[in-house]
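Listed below, chain by chain, are the residues.
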Amino acid sequence: MPKNSKVTQREHSNEHVTESVADLLALEEPMDYKASMMSVGGPPALKVKEPKDAPEEGDGRPAWNSKLQYILAQVGFSVGLGNVWRFPYLCQKNGGGAYLVPYFILLILIGIPLFFLELAVGQRIRRGSIGVWNYVCPRLGGIGVSSLMVCGFVGLYYNVIIGWSIFYFFQSFQYPLPWSECPIRKNGTQAIVEPECDKSSATTYFWYRETLNITSTIADSGGLNWRMTLSLLAAWIIVCLAVIKGIQSSGKVMYFSSLFPYVVLFCFLVRGLLLKGAVDGIAHMFTPKLEKMLEPQVWREAATQVFFALGLGFGGVIAFSSYNKRDNNCHFDAALVSVINFITSVLATLVVFAVLGFKANIMNEKCVIENAEKILGYLNSNVLSRDLIPPHVNFSHLSSSDYAEMYGVIKTVQEDNFPKLGLDPCLLEDELNKAVQGTGLAFIAFTEAMTHFPASPLWSVMFFFMLINLGLGSMIGTMEGITSPVLDTFKIRKEILTVCCCITAFLFGLLFVQRSGNYFVTMFDDYSAGLPLTIVVILENISVAWIYGTKRFMQDLEDMLGFRPYRFYFYMWKYVSPICLLVLIAATVIEMAISPPGYNAWVQDQGAEEFQSYPPWALAMCFALIIVAMLPLPIVFIARQFNLMSDGSNKLSVSYRKGCMMKDMSNLEEHDETRFILGKNPSETPSPMPTHRSYLGPGSTSPLEPANSGPNSRYGTGYLMATTPESEL
């Protein structure tokens with residue numbers, strides 16, 4: 001080609017030009033591909049102006065303003081409520097410090113490799129989850145749709161939790177806190193404590209009766225709880241405002257929502273360590289029970305927690321990564337975000353057990369006082385002899401050790417009549433072993449501990465504001481997992497799509513703000529995400545490692561990053577991660593089959609929870625959640641296997657920038673592409689694609705081979721004109 005030709009001149013310029021294939025070959029004036037997309041046998045489309053509200057890469061896609069903004073977005077999405085109220089519970093339940101060993105091992109084997117994989121495909125293809133998996137393997141394009149469905153289900157109930165936190169946040173501006181004491185009911189001239197509260201506790205009563213006003217069964221809806229409805233509306237308004245401008249608005253929100261929780265956690269850690277009994281809680285937490293490591297259940301729960309902690313399969317990771325530059329070091333990002341997530345979980349666990357250690361000491365002292373009064377009553381009524389009381393025991397200043405000694409003597413001497421006395425052992429260990437998680441930890445146990453803090457309203461405001469920010473960061477990622485694939489597939493203004501999604505979600509979310517709504521939150525949490533999301537991720541792994549090809553993917557990464565990733569990832573993606581995920585799926589199915597499907601219903605008369613089985617309609621709803629989330633997988637596969645659905649690439653477009661030409665002709669055969677462009681037979685046409693090294697596996701040499709060879713090349717190929725290959729991923 002002559003040196004003074006238009007194409008050559010543009011090749012050496014930094015100007016970003018997009019042209020149709022015909023214009024390039026005819027050396028005509030450049031045309032904006034958005035204004036004129038050339039379809040095979042179709043007229044050019046009308047020009048559509050795209051708003052330029054964000055920095056853009058060569059393909060016109062918005063980009064992050066800074067690397068820090070992107071990292072904070074990924075951290076905000078992966079670090080969520082589960083780090084605060086799920087990880088500490090699992091740690092306590094599964095062996096304390098010993099639980100950290102299987103968790104860390106599975107983080108290395110499953111977490112970081114699969115997180116790196118999602119970051120890499122999103123960054124390379126620069127599309128949301130639907131576009132990414134349509135490109136990698138069109139027959140498995142349902143992966144992106146299933147991912148979107150799961151995001152929708154999770155977003156519906158996750159924002160309800162933010163609504164609860166908003167309600168508690170505004171209730172915290174009172175002194176004393178409204179859940180610090182049981183309400184008093186007047187019965188004529190008498191004032192008695194509310195029986196339901198007296199049987200449980202003040203914080204438990206406030207949660208179930210004042211906040212949720214919960215019914216006794218899932219079958220009794222009880223109508224809408226108007227206070228929770230307003231809280232849910234406020235939560236969706238906040239989320240809508242945060243994501244309405246895409247990454248330009250959500251990125252700015254992340255500066256605060258991702259960093260503020262760490263400020264609160266450090267404040268709580270310092271305050272917690274100064275509390276009486278905090279050391280007991282932390283010691284109990286980190287005392288390893290090594291025998292627990294031999295139980296398969298511990299490894300299954302550790303794998304599940306790793307899986308959900310990083311937000312794998314939701315599409316949010318891919319969506320955020322798709323706004324990066326193609327040469328961004330996503331390998332470093334994967335390791336950094338994973339380590340930050342792990343450290344955050346440990347930090348939150350320290351805070352939780354410092355506070356719970358303080359609460360356990362308070363409850364233990366209360367138990368000692370109540371039982372000491374019983375013993376004094378028995379002494380005064382001569383039921384017990386005063387000779388049973390050790391001489392050094394002082395009832396006015398009774399310590400836990402003195403009570404334990406007295407309890408042991410009475411139990412030994414009064415062995416036959418001891419059960420009738422109704423005395424409790426009041427052991428600190430028993431209080432520390434009371435495992436609480438989820439809403440029970442945040443809205444009952446933690447709030448009860450804060451009532452004993454000096455300046456308790458201040459700490460309560462900080463705590464629930466932290467929960468709002470943790471939830472908001474995760475919701476922004478969830479919303480990106482929904483809106484990005486839709487925006488990539490359909491030309492819709494992001495503002496209109498965001499508002500429509502939020503309004504629709506609020507209307508569906510009314511299911512969760514009925515008086516029985518908490519039971520549906522539990523149902524969605526148990527069934528809508530677990531199994532479908534695990535299947536989505538293993539199909540992601542298989543489509544890249546076995547269909548697209550691990551060797552080919554490693555070569556893409558080397559070309560994209562400028563260095564070859566460790567061979568460790570080759571083996572993880574190819575063998576270890578799929579096997580671990582298969583075992584996790586099998587264990588999840590077995591667990592679902594063994595465990596009776598049901599929920600913990602609040603029984604008002606007893607002031608306690610009671611397990612109840614789901615009625616038939618609710619059981620059908622549970623399985624419908626799983627089926628609906630997984631249904632796009634077989635539908636898309638069958639439709640594309642029998643050519644009933646396009647693979648989404650029925651238009652030709654060329655992006656010509658800095659000597660790099662990328663072409664996507666997914667619905668043309670390789671030879672047809674050449675004939676279409678040059679009008680020659682394949683045998684007569686030299687390949688426009690220079691050969692380059694192909695990664696053949698760890699430690700192998702790299703002989704030359706055509707870049708467009710490999711599995712699935714007919715669905716997505718491209719031609720290289722300079723240094724960076726665009727033919728793969």
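An unreviewed UniProt entry lists the chain under the name Transporter, with Conger conger as the source organism. Under the heading Subcellular location (unreviewed entry), UniProt records this for the chain: "Membrane". We quote the UniProt Sequence similarities (unreviewed entry) comment for the chain here in full: "Belongs to the sodium:neurotransmitter symporter (SNF) (TC 2.A.22) family."

## A short note on the state of the cysteines
In this structure the tally under the stated criterion is two disulfides. Between the sulfur atoms of Cys-182 and its disulfide partner Cys-197 the distance amounts to 1.9 Å. In this structure the cystine formed by Cys-182 and Cys-197 twists about its S-S bond by roughly -80°; its chirality is therefore left-handed. Highlighted residues: Cys-182 in the loop between helix 8 (142–171) and strand 3 (184–187) and Cys-197 in helix 9 (residues 195–199), separated in sequence by 15 residues. By relative accessible area, Cys-197 is classed as buried at 1%. Sequence-ordered numbering of the disulfide-bonded cysteines in the chain gives the connectivity 1-2, 3-4.

## Quick notes on the packing of helix 8 against helix 24 (residues 517–527)
One can describe the packing of helix 8 onto helix 24 by two numbers: an axis separation of 10 Å at closest approach and a directional angle of 135°. Classified by the angle between their axes, helix 8 and helix 24 sit oblique to one another. Where helix 8 crosses over helix 24, the handedness of that crossing is left-handed. Of the residues in helix 24, those in contact with Phe-153, Tyr-157, Val-160 and Trp-164 of helix 8 are Asn-518, Val-521, Phe-524 and Asp-525. For the contact of helix 8 with helix 24, the per-class residue count stands at six nonpolar, one polar and one charged.

## Let's talk about the pairing of strand 3
The sheet contact formed by strand 3 and strand 4 (residues 190–193) spans four bridges and is antiparallel. For Arg-185, the partnering residue across the bridge sits in strand 4 and is Ile-192. Hairpin geometry of strand 3 and strand 4 is characterised by an intervening segment of two residues between the two adjacent antiparallel strands and by a positive phi of about 70° at Gly-188.

## Some remarks on the packing of helix 6 (residues 100–125) against helix 15 (residues 296–309)
Between helix 6 and helix 15, whose axes approach to 9 Å, the crossing angle comes to 50°. Considering their axes alone, helix 6 and helix 15 lie oblique with respect to each other. Considering the relative orientation of helix 6 and helix 15, their crossing is right-handed. Along the contact surface, helix 6 presents Pro-102, Tyr-103, Ile-105, Leu-106, Leu-107 and Gly-111, while helix 15 presents Val-298, Trp-299, Ala-302, Ala-303, Gln-305, Val-306 and Ala-309. Split into classes, the residues belonging to the contact of helix 6 with helix 15 amount to 11 nonpolar, two polar and no charged.

## Looking at a nonpolar patch on the surface
Residues Trp-226, Leu-230, Leu-233, Ile-237 and Leu-241 make up a contiguous nonpolar surface patch of about 550 Å² in total accessible area. Mapped onto the elements of the fold, Leu-241 is located in helix 11 (residues 226–243). Since its relative accessible area comes to 60%, Leu-241 is described here as exposed.

## Structural notes on helix 14 (residues 278–286)
Because each turn of an α-helix spans 3.6 residues, side chains separated by three or four positions in sequence point in the same direction. Within the sequence span of helix 14, burial applies to Ala-278, Gly-281, Ile-282, His-284 and Met-285. One face of helix 14 carries all of its buried residues, which in axial projection span an arc of 160°.

## Points about the pattern of salt bridges
Tallied over the entire structure, the rule returns six salt bridges. The shortest N-O distance in the salt bridge between Arg-493 and Glu-495 comes to 3.5 Å. Look at Glu-495 and you get buried, because its relative accessible area is 16%.

## Observations regarding the UniProt feature "binding site: Na(+)" (unreviewed entry) in the chain
Within this structure's numbering, the places UniProt gives as "binding site: Na(+)" (unreviewed entry) are Gly-76, Val-79, Asn-83, Asn-341, Leu-470 and Ser-474. Look at the named residues: they lie 399 residues apart in sequence, but the longest C-alpha span between them is just 12.8 Å, so in the fold they bunch up. On the secondary structure map, Gly-76 appears in helix 3 (residues 67–78). Setting aside residues up to four positions removed in sequence, Gly-76 forms contacts with Met-254, Ser-258, Leu-470, Gly-473 and Ser-474. Note that Leu-470 resides in helix 22 (residues 456–489). In contact with Leu-470, not counting residues within four places along its chain, are Gly-76, Val-79, Gly-80, Leu-81, Val-84, Tyr-158 and Pro-261.

## Looking at the confidence of the model for the chain
Mean pLDDT for the chain: 77, with 79% of residues reaching 70 or above. In this model residues 1–56 is a low-confidence stretch, pLDDT under 50, and it forms 98 contacts with partners more than four residues away in sequence or in other chains. Considering only residues more than four positions removed or in separate chains, one finds that residues 649–696, a stretch of pLDDT under 50, has 140 contacts.

Cut-off values and rules
- Residues numbered from 1 in each chain as written.
- Predicted model: local features only at pLDDT ≥ 70, side-chain atom pairs only at ≥ 80, totals over all residues.
- Heavy atoms only, no water.
- UniProt positions renumbered as here; feature names shortened; annotations may be inferred.
- Disulfide = S-S within 2.5 Å.
- Helix = DSSP H or I, 4+ residues; strand = E, 2+ residues; numbered from the N terminus.
- Buried < 20%, exposed > 50% of the residue type's maximum accessible area, 1.4 Å probe, protein only.
- Axes fitted to C-alpha atoms, helices over the stretch in contact; angles between N-to-C directions.
- Parallel < 35°, antiparallel > 145°, perpendicular 65-115°, else oblique.
- Left-handed = near helix turned anticlockwise from the far one by under 90°.
- Contact = heavy atoms within 4.5 Å.
- Nonpolar A, V, L, I, M, F, W, Y, C, P; charged D, E, K, R; others polar.
- Pairing = 2+ DSSP bridges.
- Patch = residues over 30% accessible without salt bridge, like charges linked within 9 Å, V, L, I, M, F, W, Y side chains within 5 Å.
- Areas by Shrake-Rupley, 256 points an atom, 1.4 Å probe, with all protein chains shown as cover.
- Salt bridge = Lys/Arg side-chain N within 4 Å of Asp/Glu carboxyl O.
- Arc of directions from axis to C-beta.
- pLDDT = per-residue confidence, 0-100.

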